[in-house]
Amino acid sequence: MTQSDPIFRLEGVTRRYGNLTALDGIDFVAEDNSYIALLGPSGSGKTSLLRVIAGFETPDKGRIWFQGRDITDLPAHERGIGFVFQNFALFPHLTIFENVAFGLRHGATKVPDAEITDRVRASIDMVGLSGLEDRNPDQISGGQKQRVALARSLVMQPKLVLLDEPLGALDANLRERMQTELRAIRERLDVTFLHVTGSETEALAMGDRVAVLDAGRIIQHGTPDSIYDSPAVSDVAQFLNRFNMFEGSLKDGMFHGAFGAVSVASARPNDTDVYAIRYDRTRIFDADASDLPGPALPVRYLASEYLGSSIIFLFETADHKTVEVDHHLSLGEPRDLTVGQNYVLSWDPAQAIVFGKESAR
Amino acid sequence: MSAASTNRQKTNTFRLLAPGVVWMILFLVAPIMMIVYVSFWTQTTFAINSTLTLDSWRNFFASEAYVGALWTTIRLWLIVLTLTFVIGYPAALYVGLLVKSKTVSTVLLVLCVIPFWTSFLIRVLAWRPMLGKEGAINIILQKVGLIDTPIEVLLFSELSVIIGMTQIYVVFMVGPIAFMLGRIDRNIIEAARDLGAGFGRIFWKIIFPLSLPGVVVGAIFVSVMVLGEFATSGALSGRKVNLLGNIIVTQVGSLKWAMASVVGVILTILLGIVVAGFLRIVDLKREI
């Protein structure tokens, strides 16, 4: 990835609806020509942020810069930012061809007819829909609508395309194919994609950069592996859905939790004291085992889920908290467990991530 | 599927259809056939007999008054249709699309319907004290000093009939259009904005085409009612404006059944052509 000028920049963008603060002073810089995934739970302000960037809503405070220009007060139709809606929002009374041609025909700049035909055909071809130009939107499938919506935005040659949960309305198979395809299409064109999603796997798989949004704030921004390996705060670890998280208290370099007291080398600043260990770093031992690599968490075995490449084992602690262990089958056959039997979970303390009010040492 | 069950299905279909078919034959097809039949009967001054003749039809097309009434009906219908559309569309646009809150738009639609709580005739007659020589409008204009002598053409003229009909029927245009506009996905309009289209382009290329079925339904409502009108022109024109409806009323009043039937048939054919014409504009089946 080449470092270049930011394609867009948000400065303290705030948006309120009555008493509700949807966006709370967001600062964000996006590099040109990259795929940015914006991850957040529903209600975190993801869609509001996209709508503010697109110009469908004006921020109460803050400025938006796009290609070095302040566009905060520019109306949506003069911004030249593409938007792909979650429900595709195709024009129901126009053919696929006319849907894609709409922006060229009715936009601000006059485009000659011959050029419109060429660009629309090229765009429809790029998303693999050649031959469907004369169909109506109600005569094509969900995946095809998705492609038309994309082609309709891309034909305008925008420098930035906003995608609002673009894969949310598709089934699992199609979703995976579109993931690959979206990335491929973006790499072919010199364009930045800002892809909003509630799915952590989608965000990590697709983004060159991932930004995590929570309660109207961006709480972490970085490469997918940096986010996955070192979540900045416990909320990020929570969204990633790959960590067993234990509450407890951190005092003088010792974390006291359901598994006893563990010495902690370092902790990240956080609102609460939380101890996190990845599912696939947690290991299962017999209740009376003595060769534990670290702390001992007594649990009862509940059930397992077979995922093909790995098995998820579900356990319950004494205070009825569910704990998951992810066993990759490439690491060997899993051990036989009896439902209802007690076991002990343990892990290498060096692989744990600790968040604390007192960010020690 | 066996032959027996196919047969049973056919019997069932027939049984389900029968009540509707019988009803339509008794109360729609038969009366229309009857009117067509009576229009060819022989009318003398005091009696009518079933000897077939073309006399009534010949009389209709030979009389300047009757043919004139046909043209007046068509002219008034076109004027009222245009006015209800021109006045109704912006109102529908506001109620159905521009008002963001669904509650407010429902309240506004109900407000449009409130005049219907009074009877039709009272709504028509209420225009007399408004438009008369010493009516509200003339008094206000004189008080303000815009005019010296009252405008007489306001009442008992074609103008008063047009004003009255437009006011009464405009809501039938607003309703269907507002309904269609309310169904438009807001994301579609935002998508058009995002592609660089200004409000004018969005209106003509997206909003108007998508509301067209509502316009057609509204136009059919207004047309059917205006073409059959006789009360508004009777009450507000001072007998100066004769519509086909008024002729039917007069002919029936003087027991001239044959001529009344001729006018009725002509009116029915006119309505059929108008409705068929509107239905050609959009495929309503796709919208339902």
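Just so it is clear, the structure is predicted and the values come from calculations on it, not from any experiment.

Procedures and definitions
Residues numbered from 1 in each chain as written. Chains lettered and ligands numbered in written order. Predicted model: local features only at pLDDT ≥ 70, side-chain atom pairs only at ≥ 80, totals over all residues. Helix = DSSP H or I, 4+ residues; strand = E, 2+ residues; numbered from the N terminus. Rg over C-alpha atoms; globule rule 2.2 N^0.38 Å. Buried ≥ 20, exposed ≤ 12 C-beta atoms within 10 Å, placed from the backbone. Contact = placed C-beta atoms within 7 Å. Pairing = 2+ DSSP bridges. Domains from an automatic or database assignment. Nonpolar A, V, L, I, M, F, W, Y, C, P; charged D, E, K, R; others polar. pLDDT = per-residue confidence, 0-100.

Caption draft 1: View of the overall build of chain B. Along chain B, the regular secondary structure elements total 14 helices and 2 strands. Its C-alpha radius of gyration of 24 Å places chain B more than 25% over the 19 Å reference for a compact globule of 288 residues. Seen through its principal axes, chain B has C-alpha atoms that stretch 85 × 70 × 35 Å. Counting every position in chain B, which comprises 288 residues, the buried fraction comes to 32%. Relative to all contacts within chain B whose residues are 6 or more apart in sequence, the contacts with residues 24 or more apart total 71%.

Caption draft 2: Representation of the sheet that holds strand E16 (residues 274–278) of chain A. Residues and elements named next belong to chain A. Sheet architecture is open: 4 strands sit in the order E11-E16-E22-E15, paired in mixed fashion. Whereas interior strands pair on both sides, the edge strands pair on one side only; in this sheet they are strand E11 (243–247) and strand E15 (268–269). Pairing analysis gives 5 bridges linking E11 to E16, with the strands arranged antiparallel. Looking across to E16, one finds that Asn244 is bridged to Ile277.

Caption draft 3: Fine view of the domain arrangement of chain B. All names here are of chain B. In terms of domains, chain B is made up of domain 1 (1–38) and domain 2 (65–287). Computed over C-alpha atoms, the centres of domain 1 and domain 2 are 36 Å apart. Facing 4 residues of domain 1, the contacting portion of domain 2 comprises 6 residues. Looking at side-chain class alone, the side of domain 1 that touches domain 2 contains 4 nonpolar, no polar and no charged residues.

Caption draft 4: Structural context of the domain arrangement of chain A. All names here are of chain A. Taken domain by domain, chain A holds domain 1 (6–234) and domain 2 (242–356). Counting residues at the interface gives 5 residues for domain 1, matched by 8 residues for domain 2. Class assignment for the residues of the side of domain 1 that touches domain 2 results in 3 nonpolar, 2 polar and no charged.

Caption draft 5: Spatial organisation of the confidence of the model for chain B. All names here are of chain B. On average, residues of chain B score 90 in pLDDT, and 98% of them reach the 70 mark or higher. Model confidence for chain B, summarised as mean pLDDT per element, is weakest for helix H14 (residues 284–287) at 69 and strongest for helix H3 (residues 64–98) at 95. On the interface metric, ipTM, the complex scores 0.80, and its pTM is 0.81.

Caption draft 6: Just the interface of chain B and chain A, in detail. If you look at the interface, chain B gives 17 residues, while chain A gives 18 residues. When contributions to the side of chain B that touches chain A are tallied by element, the ones reaching two or more residues are helix H9 (186–194) and helix H10 (199–227) of chain B. Here the side of chain B that touches chain A gets 7 residues from one element, more than from any other, and that element is H9(B). Partitioned by chemical class, the residues of the side of chain B that touches chain A number 8 nonpolar, 3 polar and 6 charged.

Caption draft 7: Representation of the confidence of the model for chain A in the model. Considering every residue of chain A, the mean pLDDT works out to 88; 98% of them sit at 70 or more. Mean pLDDT per element in chain A: strand E14 (residues 260–263) of chain A is the minimum at 83, and helix H2 (residues 96–106) of chain A is the maximum at 94.

Caption draft 8: Examining the environment of A:Leu20 more closely. Residues and elements named next belong to chain A. In this structure, Leu20 sits in strand E2 (residues 20–31). On the basis of neighbour counts, which here come to 11 C-beta atoms within 10 Å, the residue Leu20 falls in the exposed class. On a C-alpha basis, the gap between Leu20 and Gly216 in space is 10.0 Å, while along the polypeptide they are 196 residues apart.

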